[in-house]
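Letter by letter, the chains look like this.
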Amino acid sequence: MERKSHHVEKFMIYRRSAGKREEGYSEKDHSAPHYEGEKTPEGMLEWASWYCFNKLGSGKYEAELDEAWCWGGSHNDGGTIRTEIPKEWFALPYDDFLNRVITLSAALHYGFTVDDLKEKAGLKEFFGFA
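Throughout what follows, the structure given in this document is the object of discussion. (Residues numbered from 1 in each chain as written. Predicted model: local features only at pLDDT ≥ 70, side-chain atom pairs only at ≥ 80, totals over all residues. Heavy atoms only, no water.)

### Concerning the overall build of the protein chain
Stated formally: Strands are runs of DSSP state E lasting at least two residues, helices are runs of H or I lasting at least four, and both sets are numbered from the N terminus onward. What the globule rule says is 2.2 Å times the number of residues to the power 0.38, and the radius of gyration is computed from C-alpha atoms. Any two residues whose heavy atoms approach within 4.5 Å are treated as being in contact. For every accessible area listed, the method is Shrake-Rupley and the probe measures 1.4 Å; residues are considered covered only by the protein chains on display. Asp and Glu are treated as the negative residues and Lys and Arg as the positive ones, with His and the ends of the chain left uncounted. To locate a charge, the coordinates of NZ of Lys, CZ of Arg, CG of Asp or CD of Glu are taken.
Helix and strand counts for the protein chain stand at three helices and five strands. Overall, the protein chain shows an N-to-C arrangement of helices and strands of β-β-β-β-β-α-α-α. At 16 Å, the protein chain has a C-alpha radius of gyration in line with the 14 Å of a compact globule built from 130 residues. Counting only C-alpha atoms and orienting by the principal axes, one finds that the protein chain spans roughly 45 × 35 × 25 Å. For the protein chain, long-range pairs separated by at least 24 residues make up 52% of all intrachain contacts whose partners lie at least 6 apart in sequence. For the protein chain, the exposed area adds up to about 8000 Å²; of that, 49% sits on carbon and sulfur atoms. Where the 17 positive side-chain charges of the protein chain centre and where its 23 negative ones centre are 6 Å apart.

Here's what the structure looks like:
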């Protein structure tokens with residue numbers, strides 16, 4: 001499926017590869033158990049490579065999370081989950097908005113919380129709530 005709107009602005013919440021003083025750094029391990037049926041090795045993990053929000057050229061917003069896991073080969077498997085944020089959510093109070101936004105793009109699965117979002121300076125303004 002081709003995306004018609006390119007993102008204009010990106011607000012980074014988390015980047016797995018970020019160093020301590022870099023955008024998207026977190027001391028939290030945003031990984032979770034991976035399961036694809038009985039063939040999945042015990043204890044196998046998957047992780048969030050990044051988690052961000054995009055403001056698209058159309059004026060819409062989306063939540064984006066890139067997930068990955070490794071089967072022990074020469075590359076990681078996974079993909080990027082992009083979910084549009086419903087326009088009507090922007091009419092909610094900011095805390096209610098965050099409680100809904102955190103449910104998009106598998107953010108809860110990887111251990112992200114509303115408090116993680118509240119800690120990000122500038123996110124409220126990015127979404128137009130300030």
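What follows continues from the structure just given.
### Considerations on unusual backbone geometry
Note the following rule: For every residue, the accessible area obtained with a 1.4 Å probe (protein chains only) is divided by the maximum for its type, and the residue is called buried under 20%, exposed over 50%, and partly exposed between those limits.
One non-glycine residue, Ser-105, adopts positive backbone phi at about 55°. Structurally, the position occupied by Ser-105 is in the loop between α1 (94–101) and α2 (114–118). What makes Ser-105 buried here is its relative accessible area of 5%.

### Observations concerning the environment of Val-8
With respect to the secondary-structure elements, Val-8 resides in strand β1 (residues 7–15). Judged by its relative accessible area of 58%, Val-8 is exposed. Between the C-alpha atom of Val-8 and that of Glu-22, which follows or precedes it by 14 residues, the distance is 21 Å. Apart from the residues within four sequence positions on either side, Val-8 is in contact with Lys-55, Leu-56 and Gly-57.

### Looking at the nonpolar core
The test is simple: For the purposes of this section, nonpolar cores are sets of buried Ala, Val, Leu, Ile, Met, Phe, Trp, Tyr and Cys residues that join through side-chain atoms within 4.5 Å.
Of all hydrophobic cores here, the largest spans 27 residues; its most connected members are Tyr-51, Phe-53, Phe-112 and Leu-123. At the level of secondary structure, the elements contributing two or more residues to this core comprise β1, β3 (45–56), β4 (61–70), α1, α2 and α3 (123–126). Setting aside residues no more than four positions away along its own chain, Leu-123 makes contact with Phe-11, Ile-13, Phe-53, Tyr-94, Leu-98 and Leu-117.

### As for α1
Which entries qualify depends on this criterion: For this quantity, the arc is that covered by the directions from the helix axis to the C-beta atoms.
For α1, the full list of buried residues reads Tyr-94, Phe-97, Leu-98 and Val-101. Along the long axis of α1, the arc covered by the buried residues comes to 95°, so they all point the same way. Where α1 is buried, its residues touch β3, α2 and α3.

### Some words on the pairing of β3
The criterion, for reference: Pairing between two strands requires that DSSP report at least two bridges joining them.
When you tally the buried positions in β3, you get nine out of twelve residues, the bulk of the element. In the sheet, strand β2 (residues 31–33) pairs with β3 via three bridges, with the strands oriented antiparallel. Bridged to Ser-31 within β3 is Trp-47. When β3 meets β4, the two strands line up antiparallel, connected through nine bridges. Directly across from Glu-46, in β4, lies its bridge partner Trp-69. From the end of β3 to the start of β4, which pair antiparallel, there are four residues, and Gly-59 there has a positive phi angle of about 95°.

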